[in-house]
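Read off the chains here:
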Amino acid sequence: MSWRDGIALAVRSVTRRPARTVLTILAVALGSGLLVALVAIAQVADTQVIGQLGKGGPTSAIAVLPAAATSAQLGTDSAQGGEVNPITLATVNAIQNAPGVSSIQTVLSQAVFVVPPPLGGSIPSFTGDDPDRRLPRPFADNLVGVDLKSSGQLPITVLAGRLPSAGSTSEVVVTAGYFDHLQLDIKHPETVLGVVIEIGAPQVVDAGGGVVRGRWTRAAITGVVAQNAAGGDLLGAQELASADRAWQLGGVDGNSIGIPLPSSPYASLIVIADSLNDVHQVRAEITTLGFANSAPEHLVASTQRYLHVVDIVLGAIGTIALVIAVLGIANALLAAVRERRREIGILKAIGARDGDILRWFLAEAFVVGGIGGILGTLFGLAAVTITAQVVDSYLVEQGLSNVSLGGVPLLTALIGVVGSLLLSLLAAAWPALRAARLPAREAVGAL
Amino acid sequence: MIQAPVAPEAPARGVAVHARALTHSYGRGRHGVAVLRGVDLDIDAGSHVALQGPSGAGKSTLLILLGGLEAPRSGQLSVGEHDLLGVHGRALAAYRRAVVGFVFQHFGLVEVLSARENVMLAMSLSGVPMAARRQRADQALESVGLSHRATHRPSHLSGGERQRVAIARAIVNEPPLLLADEPTGNLDDEAAVRILDLLDVLREERGCTLVVVTHSALVAARADRRLQLRDGVVAP
Ligand SMILES: Nc1ncnc2c1ncn2[C@@H]1O[C@H](COP(=O)(O)OP(=O)(O)O)[C@@H](O)[C@H]1O
Ligand SMILES: [Mg+2]
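What counts and how
Residues numbered from 1 in each chain as written. Chains lettered and ligands numbered in written order. Predicted model: local features only at pLDDT ≥ 70, side-chain atom pairs only at ≥ 80, totals over all residues. Heavy atoms only, no water. Helix = DSSP H or I, 4+ residues; strand = E, 2+ residues; numbered from the N terminus. Rg over C-alpha atoms; globule rule 2.2 N^0.38 Å. Buried < 20%, exposed > 50% of the residue type's maximum accessible area, 1.4 Å probe, protein only. Pairing = 2+ DSSP bridges. Axes fitted to C-alpha atoms, helices over the stretch in contact; angles between N-to-C directions. Contact = heavy atoms within 4.5 Å. Buried area = accessible area lost by both parts, 1.4 Å probe. Salt bridge = Lys/Arg side-chain N within 4 Å of Asp/Glu carboxyl O. Polar contact = N/O pair within 3.5 Å; in protein donor to acceptor, adjacent residues only side chain to side chain. Nonpolar A, V, L, I, M, F, W, Y, C, P; charged D, E, K, R; others polar. Phe/Tyr/Trp six-rings, centres within 6.5 Å; stacked < 30°, edge-to-face > 60°. Core = buried A, V, L, I, M, F, W, Y, C linked by side-chain atoms within 4.5 Å. Domains from an automatic or database assignment. UniProt positions renumbered as here; feature names shortened; annotations may be inferred. Patch = residues over 30% accessible without salt bridge, like charges linked within 9 Å, V, L, I, M, F, W, Y side chains within 5 Å. Areas by Shrake-Rupley, 256 points an atom, 1.4 Å probe, with all protein chains shown as cover. Arc of directions from axis to C-beta.

## Some words on the overall build of chain B
For chain B, the count of helices and strands is seven helices and ten strands. Its C-alpha atoms give chain B a radius of gyration of 17 Å, within 12% of the compact-globule value 18 Å for 236 residues. C-alpha atoms of chain B, sized along the principal axes, occupy 50 × 40 × 35 Å. Across the 236 residues of chain B, 55% fall into the buried class.

Structure follows, in structure tokens:
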């Protein structure tokens, strides 16, 4: 009897006791469903938690700062820098050529004056003009300029609204610091969306005389973000920041009046390593080049260790549930062997080998375990999807980014089916062997 | 394609059976029951033999040995060119598939399979190619007059019809030895006569050796020879 014949016979045999079969399948479905759900949830949680460590960008990102690396640099995740060490195009090219580097994002940071509405003729309203301080104050801060086409590579999380269009010089986003400056409530990001502000880049004409000229731009606020690309409460297209920067470089150094010329061509670099495993090597390379840098490599490693323990515990709970379920298969098969003693004898009498009988009962476990496993996997994935949706709406309510289920690999989904099948066959081994060893004379029903 | 062991158009010659000092017992030691205590037996190829005797005499046990369901404990037993002493496991199963067709008192059909599928099951055990099974099963059902019941399950058939399905299953692999243990024991007289007629016709068509265990004088009367089994030996 081939496996095909064995399975055909098994499919018929399981219909003999429909209630028992349905209950057994249900138990396996529950067990495998629980296993799939737990493993998938663990999987999603892992990617989610590790993803959070990248603060909106890839976890394999390394921030390079315009400071000389100290000897302590390689031992820690945070940047350990001394005196200024400008990041130039040559630096970018040197890092680009290092092994394990996937891509580099340059980040500008430009000192600016920020004037919130009401906009108008005489700016700014310094202390005294508005003793009640009811009007929003203009303030000095930094405009961070990035390549918005590659925003996915950067440590930027959109909390509300959207990022400016790539290359736009009339749109910016703001961070929580902007709300602090204006004493606004970050819980109501909609109060700033669409608001047009004025941004002024300084150009010191005469430091001694305190003569400063501004290059004024109007920009609409399109969103609220959290960002770790460089220090600054405004973030916009690199085109905007570099035009402002060129303007300031057209003047003289105003260090004495608090407006020094920028010391480094780039405020930082975001270096993306090929993978998490390459991060350490790339950081070593950058440190050798002499630049302070930071990446959550140790944090990721230790978090992964903890998550791994959680994965094992969840997987074990699911596996135990599945094992209990497949014991039901063993139980049902033992009952079936008892009921079919004569039938087994008859099959042997008409020529079945022990192996044929074994195959018949294993095929029955295969059918029950397979159906249970498939149902359970579907049920488990559905449970995860629903859970993710509930968690999602909660996270969005809390102003956090949402969960992506894209992280559940096919392998996780297969665990339920393959695990059910393997455990079912294992559970069926003993009843099937018992059946196979029954003597052929049972057929005659002697006694 | 692999051909059936024996082509239907060339009827199988029956096999001769020879037993000398054949013994068999169930259990061992103090609890052992010696059932056959030295059976001497010669059955001609193609003959029809009835095996009679009181209940518990060991008739079914002798049939079990002839049918290769168990290996005898001692003595000699040959069926055709097969020497059955010391044959076990897969070799004995191969003997059952190649040589024996078994018919039981209680029919012994698989309840969840249709009549046709029950017949096809015997062929799937013998490794007959899938494509050939259905046609041969239908031929076998036709030869027992049950073509119109091919898709019915045993529970939807009368006792006589069930036994005819069982006979179709027993002959589908063209065995040279047909064994029947009280084939009419569960049937009324009319159905019993049909079964006996059928066994007669099939034996004549195929030339196989037929051994029937029976209580019934009516059944025994149809045989070429009647053997009495008493106290574990064949009475002279
Ligand atoms: N599996 C068995 N274990 C122990 N004793 C058995 C077994 N099968 C049959 N017997 C005994 O063997 C004897 C002969 O049985 P059997 O061959 O079925 O007789 P018959 O078919 O002539 O009625 C009986 O006494 C029966 O109790
Ligand atoms: Mg008997």
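There is more to say, and it comes next.
## Description of the sheet that holds strand β10 (residues 233-235) of chain B
The pairing of strands in a sheet happens through backbone hydrogen bonds and is either parallel or antiparallel. All names here are of chain B. Taken together, six strands build an open sheet; the order of strands is β6-β7-β8-β3-β9-β10 and the sheet is mixed. The two strands at the open ends of the sheet, each matched to only one other strand, are β6 (100-103) and β10. Strand-to-strand twist of the sheet, defined as the mean angle between neighbouring strand axes without regard to direction, takes the value 25°. Of the pairings in the sheet, the one linking β6 to strand β7 (residues 177-181) comprises four bridges and is parallel in character. Paired with Phe102 across the bridge in β7 is Leu179. Its contacts with the sheet place helix α2 (residues 89-99) against β6 and β7, and it is angled at close to 80° to β6. On the sheet, helix α5 (residues 159-171) packs against β6 and β7 and is oriented at approximately 170° with respect to β6.

## Let's talk about the pairing of strand β1 (residues 17-26) of chain B
Residue and element names in this part refer to chain B. Examined bridge by bridge, β1 and strand β4 (residues 74-79) share five bridges and lie antiparallel to one another. Among the inter-strand pairings, Ala19 is bridged to a residue of β4, identified as Leu77. As paired elements, β1 and strand β2 (residues 33-43) share eight bridges and run antiparallel to each other. Among the inter-strand pairings, His24 is bridged to a residue of β2, identified as Leu36. Counting the residues between successive antiparallel strands, the hairpin from β1 to β2 contains six residues, one of them, Gly27, with a positive phi of roughly 75°.

## Comments concerning the interface of chain B and chain A
Counting residues at the interface gives 28 residues for chain B, matched by 24 residues for chain A. A combined buried area of about 2400 Å² lies between chain B and chain A, and 62% of that area is made up of carbon and sulfur atoms. On the chain B side of the contact with chain A, His106(B), Val112(B) and Leu125(B) bury the most area, a combined 24% of that side's loss. Here chain B and chain A share three salt bridges between them. Measuring nitrogen to oxygen at the nearest pair gives 2.2 Å for the salt bridge that ties Glu70(B) to Arg441(A). In this structure, the connection of chain B to chain A is made through nine residue pairs in polar contact (both at pLDDT 80 or more). Contributing elements (two or more residues each) for the side of chain B that touches chain A: α1 (59-66), α2, α3 (115-126) and α4 (130-143) of chain B. Among the elements that line the side of chain B that touches chain A, the one with the most residues is α3(B), at five residues. Considered class by class, the residues forming the side of chain B that touches chain A number 13 nonpolar, five polar and ten charged.

## Considering the packing of aromatic side chains
For any pair of aromatic rings, the description rests on two quantities: the centre-to-centre distance and the angle between the ring planes. Residues and elements named next belong to chain A. Here the structure, examined in full by the defined rule, presents four aromatic pairs over all chains. Centroid distance Phe139 to Tyr178: 6.0 Å. Interplanar angle 65°. Geometry classified as edge-to-face. One end of the pair, Phe139, is in strand β4 (residues 139-146); the other, Tyr178, is in helix α4 (residues 176-181), and 39 residues separate them in sequence. Tyr178 matches Phe139 in its accessibility class, with the two residues each being buried. Between the aromatic rings of Trp360 and Phe361, the centroid separation amounts to 5.0 Å while the plane-to-plane angle is 50°, which identifies the pairing as tilted. Phe361 carries the same exposure label as Trp360, and that label is buried. Of the aromatic side chains, those joined through ring pairs into one cluster are Phe139, Tyr178 and Phe179.

## With respect to the pairing of β4(B)
Residue and element names in this part refer to chain B. Sheet analysis places β4 next to strand β5 (residues 82-83), joined by two bridges and oriented antiparallel. Its bridge partner lying in β5, Ser78 is registered against Asp83. Linking two consecutive strands that pair antiparallel, namely β4 and β5, is a turn of two residues; a positive phi of about 60° is found at Gly80 within it.

## Thoughts on the nonpolar core
By size, the foremost hydrophobic cluster in this structure holds 70 residues, and its most contacted members are Ile357(A), Phe361(A), Val119(B), Leu141(B) and Ile167(B). Looking at which element gives the most residues to this core, the answer is helix α7 (residues 297-339) of chain A, with seven residues. When near neighbours in sequence (up to four residues on either side) are disregarded, Phe361(A) contacts Leu333(A), Ala336(A), Val337(A), Arg340(A), Ile344(A), Ala428(A), Ala432(A) and Ala435(A). Ala19(B), Leu22(B), Leu63(B) and Leu177(B) belong to the second largest nonpolar core, which has 40 residues in total.

## A closer look at the sheet that holds β2(B)
Residue and element names in this part refer to chain B. Strand order across the open sheet formed by four strands is β2-β1-β4-β5, with antiparallel pairing between neighbours. Strand pairing shows two members of the sheet lacking a second neighbour, β2 and β5, which therefore form its edges. Along the sheet face, α1 touches β1, β2 and β4 and points at about 120° away from the line of β1.

## Examining the domain arrangement of chain A
Annotation of chain A at the domain level lists domain 1 (3-54 + 301-444) and domain 2 (61-295). Here the C-alpha centroids of domain 1 of chain A and domain 2 of chain A sit 54 Å apart.

## Observations regarding the UniProt feature "domain: ABC transporter" (unreviewed entry) in chain B
UniProt feature "domain: ABC transporter" (unreviewed entry): in the numbering of this structure it lies at residues 17-235 of chain B. Secondary structure content for residues 17-235 of chain B is 37% helix and 26% strand, while the C-alpha to C-alpha distance between its ends is 17 Å.

## A few points about a nonpolar patch on the surface
All names here are of chain A. Where nonpolar side chains cluster on the molecular surface, the patch consists of Leu34, Val309, Val313 and Ile317 and spans about 320 Å² of accessible area. With three residues, α7 is the single largest residue contributor to the nonpolar patch. Topologically, Val313 is positioned in helix α7.

## Overview of helix α1 (residues 3-13) of chain A
Burial in α1(A) covers these residues: Asp5(A), Gly6(A), Leu9(A), Ala10(A) and Ser13(A). Down the axis of α1(A), the sector holding all buried residues measures 135°, keeping them to one side.

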